[in-house]
Every structure is written in C-alpha cells, then in structure tokens.
Amino acid sequence: MNFALSQEQKEITELARKFAQAEFPKIAIECDKQERYPKEMWQQAAELGFMGIFIPEQYGGLGLGISEHAMVTEEFWRADPGVGCILLAVFGAEIIMASGTEEQKQRWLPKVAAGEIILATAITEPNAGSDIFAQSTTAKKRGDKYILNGSKQFITNGTVADHVLVMCRTNPEEENRLKRYSFLVVDRGAPGFNAEKLHGKLGIRASDTATLSFDDVEVPAENLIGGVEGQGFKQVMHLFNINRVVAASQGVGVAQGSFDHALAYTKEREQFGSRLASFQGVQFILAEMAAKVEAARQLCRMAAWQIDNNQASPHIISIAKLVAGQNAVWVSQEAVQLLGGYGYMDEYHVERFYRDAKIVEIYEGAREIEKLTIAREILGRS
Ligand SMILES: Cc1cc2nc3c(=O)[nH]c(=O)nc-3n(C[C@H](O)[C@H](O)[C@H](O)COP(=O)(O)OP(=O)(O)OC[C@H]3O[C@@H](n4cnc5c(N)ncnc54)[C@H](O)[C@@H]3O)c2cc1C
C-alpha cells in the first residue's frame, strides 16, 4: 500500500487549489444569488487543462485518471461548490471514452478537453429517478435516424450543453430488460428538443439544471453510442461507478471548505476574553470535523484508485459516496454553528456551503440507494 500522492497528483492538486481559491470566491455569491452558470470560469479552467484530466492524450486530454479528476473536483468544491460544478461540463465523456466508436471519440473528446463543448447526461425522468427501469423515453429507428420522444428531469447543464447523452429505450420489446436501453447523443438546437432551466434550487445554484423534452427529435444513427443497440444499461453502470466517486469527492471538497472557514473564524473570534478555538468544546467540534473530512477523503481515493486499476467495486464506491455525503452535511452544518449569527449570513460563505452539501446525498444515487448497494454486497443477492 502506498498512500503518498505522486508528483503529478501533487502538482495538479496545487494548480487546482490556486486557481479555484483565486477565482471562485470572487463570483460565488453573485452566481448563487442569480443562478448564473459561470461560462467564463469553465473556459479558464479548460485553458489550464482541467476539462481533459481523464481524457487520453491522443484525444487532447492529460491522460490521467479518475483519481486526479476526483482530486481536482475536491479542490474546486472546496473553493466553492456551485462554481466548482463547471467541472461537470465533461459529464458524459466517461461513456464516450469507455463505449464510443473511434469516430465518436475523435468527434467529441478533443472538443470537451479543449473547452469547446459542454456535455450533459440525461437519465432521470419525472417518474423515473432511483428506479431507472421506469424510464419511458423511447427512440424508434427509421432509416438512418432515430425518432426520439419523451422527457428528462433535473439535468445538469441542460440549457448550456452543446450535446446531451440521452438514455432511452431503443429495444422496448427485448425480454431481458438490461438490453432495452441505449444512449443517443442529441445536439442542442435539434428541432423538437427543448430545454427549460429549473429555478429555485436549495444549493449549487451556479450549476445549470433543466427539464428536457423530446418531441419527434431526429437523431442521426451515427449518434448511437458504440454503434450497437441495447448497451445503455452496461454504459450507465460504468458511468455511475465513476460519477459516484466524483460526487463523493464533491462531498469531501464542500466539507473541507466548510472546515477551512470554521477554523479561520474560530482562531480569530473572541468571546469571554478568549479565542473561540481555545475552548475545548470548540476544539472537539473542529477535531471531529477534521476526522470526518479525512475519513471520507481516504474512502474516496480508495474507490477512485480501484477504478483506475480496473478493480471498480460498486459497494466500496457506494460506501465512499454515502460517507462523503453524510459527512459533508454534518461538517457544513457545524461550520454554520461555529460561526454563530455570522454563519447564517451569506457574506461568510458557510450558509451557502451548508445548502450546497445536501445535493451529495441526493444525486448520482440517493443515500438510500447507496445503502441498498452496500446491503446487497454484505447480504448477498438472495
Ligand atoms: C441538482 C440536481 C442535478 C441533477 N443532475 C442530474 C443529471 O445530470 N442527470 C440525471 O440523469 N439526473 C440528475 N439528477 C437527478 C438525480 O439523480 C435524482 O434526483 C436522484 O437519482 C433521485 O431520484 P428522484 O429525485 O426521482 O427521487 P426518488 O427516486 O423518487 O426517491 C425519493 C426518495 O425515496 C428514496 N427511495 C427510492 N427508492 C427507494 C428504495 N427502494 N428504498 C428506500 N428508499 C428509496 C430515495 O432515496 C429518496 O430519498 C439531478 C438532481 C438534482 C437535484
């Protein structure tokens, strides 16, 4: 076992920290209040190489792994979770990389890495959340096109994405339900495709979230991921493995950021003639916060390492995401508490982190779904 970061990992983490800490706080409150997607920040991040971390060099990326992508995600969310969501511009590149045809990889991956296009991945539907088999969006093959009908709910980057990877039923009659689905790439502006921004989110308000609808949308057959129908379930499971680790690292980042604010504040603020940090009651909270951040971080790194070494373990991934989500919510809540009345005000940032943290327990598999995955492993499928 070697827990030390490689030189490359140290360098990319340091670069991400410097960039995010210098830039994100300047616009964080404004983006949160106005629900503004910071496109200019996405472009700056792309110029520094952050949109191509796990994309192979032959497609214009850095050729690193999910471990490094998760480390950068952590630093971005540590500086500001909402603005940190710009890294989700690559959401879908994982499927293209793993399952796309060579032509599809060459068509989209270099543009993702260069910050020329934003992707979105649409799985959830109004009546199909945790139960992905309840999806009803359907694509029928007609000549060299698919005709897509249906709708998707809560889609990250929905109104800013140039291309959306849509999970849909291409083979609804197939006896084996695992073989009924495929992913089609729908281009922004395709006639019949509509994206409507959702307003009023609790947190990560700088992130774009939308409802999508498809009304007889014509999708070229060459946009079927992998070129073979019925592979969608396998592809989505691969995506969940990666993006649950990414979500877990978001949780580590928001927890670390909350802790940073609380630590700085308690070392400055005086009450009863002493610094808050000198009270043992406060020290115990700080110690517990630090322990929860580190525990989640190590789980996250283990799960990411397993993916990068072809040993992906869904139940370890679920443990990482469950712990990171719960710890993020707890740590950010304690940060608000430690800042007292100031913690309740937007100027001091932790109220926003507290609101942002909750999403880690909901998306990419809600907390209860992670528990079901863990339970299945420890009890066996029977
Ligand atoms: C900000 C945001 C961004 C998102 N981005 C995307 C995106 O980019 N792409 C995408 O496809 N989706 C996205 N989602 C959707 C997200 O993945 C779903 O909200 C999530 O999977 C939960 O589905 P649901 O909301 O339908 O809740 P439901 O599935 O209806 O669940 C409601 C509650 O019941 C619990 N529950 C459900 N089934 C069980 C069970 N069998 N046992 C015990 N408890 C259960 C759940 O854990 C949850 O607590 C996003 C959501 C949000 C809020």
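Turning to the overall build of the chain, a few remarks are in order. For the chain, the helix and strand inventory stands at 12 helices and nine strands. For 382 residues, the compact-globule formula gives about 21 Å, and the C-alpha radius of gyration of the chain, at 21 Å, lands near that figure. The principal-axis extent of the C-alpha atoms belonging to the chain is close to 80 × 45 × 40 Å. Considering the chain as a whole, with its 382 residues, one finds that 49% of them fall into the buried category. Pairs at least 24 apart in sequence give 75% of the contacts found in the chain among residues at least 6 apart.

This next bit is on the packing of helix H7 (residues 232-268) against helix H9 (residues 314-338). Two elements in contact, H7 and H9, have axes separated by 8 Å at closest approach and are oriented at 25 degrees. As far as their axial angle goes, H9 and H7 are roughly parallel. Note that H7 runs across H9; the crossing there is left-handed.

Next up on the list: helix H1 (residues 7-34). Because an α-helix packs 3.6 residues into every turn, residues spaced three or four apart end up facing the same way. Helix length check: H1 (28 residues) gives 39 Å between terminal C-alpha atoms against 40 Å at 1.5 Å per residue, within 8%. If you look at H1, its biggest bend is around 45 degrees, right at Phe24, and the proline Pro25 turns up within four residues after that. Of the residues making up H1, those classed as buried are Ile12, Ala16, Ala20, Phe24, Ala28, Cys31 and Asp32. On the buried face of H1, the contacting elements are helix H3 (66-79), helix H4 (81-84) and helix H11 (350-357). Just downstream of H1 lies Glu35, where phi reads positive at about 50 degrees.

All right, on to the site of the ligand then. Taken together, 18 residues surround the ligand, and among them Ile123, Gly129, Ser130, Thr156 and Ala366 come closest. Broken down by element, the residue count for the shell around the ligand peaks at three residues, all from strand E3 (residues 145-156). When grouped by side-chain class, the residues that make up the shell around the ligand number nine nonpolar, six polar and three charged. Mapping the shell around the ligand onto the domain boundaries places at least three of its residues in each of domain 2 (119-230) and domain 3 (234-379).

Parameters and conventions
- Residues numbered from 1 in each chain as written.
- Predicted model: local features only at pLDDT ≥ 70, side-chain atom pairs only at ≥ 80, totals over all residues.
- Helix = DSSP H or I, 4+ residues; strand = E, 2+ residues; numbered from the N terminus.
- Rg over C-alpha atoms; globule rule 2.2 N^0.38 Å.
- Buried ≥ 20, exposed ≤ 12 C-beta atoms within 10 Å, placed from the backbone.
- Contact = placed C-beta atoms within 7 Å.
- Axes fitted to C-alpha atoms, helices over the stretch in contact; angles between N-to-C directions.
- Parallel < 35°, antiparallel > 145°, perpendicular 65-115°, else oblique.
- Left-handed = near helix turned anticlockwise from the far one by under 90°.
- Expected span 1.5 Å × (residues − 1).
- Bend = angle between axes of the 7 residues up to and from the residue.
- Near = placed C-beta within 6 Å.
- Nonpolar A, V, L, I, M, F, W, Y, C, P; charged D, E, K, R; others polar.
- Domains from an automatic or database assignment.

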